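Structural overview for review
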Amino acid sequence: MSIDRMTQPAAAKPSASKNTETEVKSAARTIELLEMLAGETRPLTLSEIASRLSFPVSSVHQLLRTLVSRGWLATTTDGVGGGYTIGVRALMTGMSFLERDPVVQAMKPILTMLREELGETIHLARLDGSRMVYLVSRESEHQLRAVSRVGQALPAHATGLGKAALAALPDEEVQQRLGETLVQITPHTIDSMPELLADLALTRRRGYAAEQEENTVGNACIAVAIPDVPGHYAVSCSVPLMRMTPERASTIAQTLQVGVRMASNSLAGQGMR
């Protein structure tokens with residue numbers, strides 16, 4: 001039985017802009033290359049990168065040499081050959097964003113509090129187009145637990161965090177952001193827009209999003225959006241399915257809502273609302 005029924009009464013990459021009037025071609029190619037490698041779990045060779053991006057090998061080679069020399073990419077060597085992966089400069093830039101984001105800073109102590117109170121893994125993420133980017137995590141101390149996903153981006157429709165953030169938007173904007181084709185990550189992932197819109201309507205009525213094995217088999221998630229701040233943030237509690245019950249889901253939702261109100265009040269005091 002799904003969490004929704006129990007609690008209720010009876011790596012798509014972002015598409016680059018094609019506006020040639022405003023884009024600088026070399027800059028656009030550089031961004032596409034970095035975004036593509038950021039979504040990979042293993043190093044890619046020169047030929048793989050050129051093939052995936054449909055760029056000339058000579059152009060890709062020049063970009064790679066420049067990015068490696070500046071620290072944005074790193075080279076690796078294994079028994080088969082060399083490859084390229086994201087470098088330390090990208091990490092430094094990402095950390096700079098986190099250190100300057102007022103929502104992240106306001107949420108850090110609250111995430112720790114939520115983890116201590118609920119005993120499960122807590123995530124903070126932000127909506128980026130059609131994806132949720134994981135910004136901060138506080139992992140559970142249980143041996144069986146959801147793992148940290150900081151820096152990863154997952155399709156918004158397949159995560160509790162994403163559904164919480166999307167529910168704060170009008171249906172028209174949801175459709176515009178996601179399109180009509182929804183990728184199916186697991187057999188349980190919502191893969192049709194009408195079904196997703198119905199799920200978002202339910203999320204709005206009850207005040208939190210619920211997700212069960214829609215992006216990771218064996219895991220469930222409860223998530224709440226942070227209202228009235230720019231950027232469409234949400235906080236979630238991820239729980240192994242074996243520890244999730246209707247009562248547990250209700251307790252998690254109420255606890256997350258308290259944490260979100262604390263963050264919202266703190267941000268209001270900083271003029272963020």
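What counts, and where the lines are drawn
- Residues numbered from 1 in each chain as written.
- Predicted model: local features only at pLDDT ≥ 70, side-chain atom pairs only at ≥ 80, totals over all residues.
- Heavy atoms only, no water.
- Helix = DSSP H or I, 4+ residues; strand = E, 2+ residues; numbered from the N terminus.
- Buried < 20%, exposed > 50% of the residue type's maximum accessible area, 1.4 Å probe, protein only.
- Contact = heavy atoms within 4.5 Å.
- Core = buried A, V, L, I, M, F, W, Y, C linked by side-chain atoms within 4.5 Å.
- pLDDT = per-residue confidence, 0-100.
- Patch = residues over 30% accessible without salt bridge, like charges linked within 9 Å, V, L, I, M, F, W, Y side chains within 5 Å.
- Areas by Shrake-Rupley, 256 points an atom, 1.4 Å probe, with all protein chains shown as cover.
- Salt bridge = Lys/Arg side-chain N within 4 Å of Asp/Glu carboxyl O.
- Phe/Tyr/Trp six-rings, centres within 6.5 Å; stacked < 30°, edge-to-face > 60°.
- Lys NZ or Arg CZ within 6 Å of the ring centre and 35° of its normal.
- Axes fitted to C-alpha atoms, helices over the stretch in contact; angles between N-to-C directions.
- Left-handed = near helix turned anticlockwise from the far one by under 90°.
- Nonpolar A, V, L, I, M, F, W, Y, C, P; charged D, E, K, R; others polar.
- Pairing = 2+ DSSP bridges.

Focus on the side chain of serine 236
Looking at the element boundaries, serine 236 is found in strand β8 (residues 233-240). Take serine 236: its relative accessible area is 1%, and that puts it in the buried class. If sequence neighbours within four positions are ignored, serine 236 has contacts with Thr121, Ile122, His123, Leu161, Cys221, Ile222, Ala223 and Leu256.

Structural notes on the nonpolar core
Ranked by size, the top nonpolar core spans 32 residues in total, and within it Met107, Leu124, Ile222, Ile226, Val235, Ile252 and Leu256 carry the most contacts. For this core, the elements supplying multiple residues, two or more each, are α6 (102-118), β3 (121-128), β4 (131-138), β7 (219-225), β8 and α10 (246-269). Here this core takes eight residues from α6, the largest share from any one element. Once residues lying within four places of it in the same chain are set aside, the contact partners of leucine 124 are Val103, Val104, Met107, Leu111, Val133, Tyr134, Leu135, Val136, Ile226, Tyr233 and Ala234.

Brief notes about the confidence of the model for the protein chain
For the protein chain, the mean per-residue pLDDT works out to 84, and 85% of the residues sit at or above 70. Mean pLDDT across the elements of the protein chain ranges from a minimum in helix α1 (residues 3-7), with 43, to a maximum in helix α7 (residues 160-167), with 97.

Some thoughts on a nonpolar patch on the surface
A surface patch of nonpolar side chains, amounting to about 380 Å² of accessible area, comprises Val88, Leu91, Met92 and Met95. The residue methionine 95 is located in helix α5 (residues 88-100) in this model. With a relative accessible area of 37%, methionine 95 lands in the partly exposed category.

A look at the packing of aromatic side chains
Tallied over the entire structure, the rule returns zero aromatic pairs. Above the face of the phenylalanine 55 ring, arginine 29 is positioned so that its terminal group lies 4.9 Å from the ring centre. Its end group placed over the ring of tyrosine 208, arginine 206 keeps NZ or CZ at 4.8 Å from the ring centre.

Description of the packing of helix α3 (residues 46-53) against helix α4 (residues 57-69)
α4 packs onto α3 with a crossing angle of 120° between their chain directions and a minimal axis gap of 9 Å. The chirality of how α3 crosses α4 is right-handed. Contacts between α3 and α4 involve Leu46, Ile49 and Ala50 from the first element and Val57, Val60, His61 and Leu64 from the second. Class assignment for the residues of the contact of α3 with α4 results in six nonpolar, one polar and no charged.

A closer look at the sheet that holds strand β5 (residues 153-155)
Strand order in the open sheet formed by six strands is β5-β4-β3-β8-β7-β6, and the pairing between neighbours is antiparallel. Edge strands, defined here as strands with exactly one partner in the open sheet, are β5 and β6 (209-212). Going across the sheet, the axis of each strand differs from the next one's by a mean of 30°, ignoring polarity. Pairing of β7 with β8, which is carried by seven bridges, proceeds in the antiparallel orientation.

Focus: the environment of arginine 65
For arginine 65, the location among the structural elements is in helix α4. Judged by relative accessible area, arginine 65 falls into the exposed class, the value being 59%. For the pair arginine 65 and threonine 75, spaced 10 residues apart in the sequence, the C-alpha separation amounts to 9.9 Å.

A few points about the pairing of β3
Two faces belong to every sheet, and in a regular strand the side chains alternate between them. Summarising burial for β3: six of the eight residues are buried, a large majority. In this structure, β3 lies alongside β8, joined through six bridges in antiparallel fashion. Its bridge partner lying in β8, arginine 126 is registered against tyrosine 233. As judged from the seven bridges shared by β3 and β4, these two strands associate in the antiparallel manner. Counted as the bridge partner of isoleucine 122 is arginine 138 from β4. The turn joining β3 and β4, which pair antiparallel and follow one another in sequence, is formed by two residues; a positive phi near 65° is taken by glycine 129.

Some points on the environment of serine 58
Within the secondary structure layout, serine 58 lies in helix α4. Classification of serine 58 by relative accessible area gives partly exposed; the value is 48%. Sequence separation of serine 58 and leucine 46 is 12 residues, and the distance between their C-alpha atoms is 9.6 Å.

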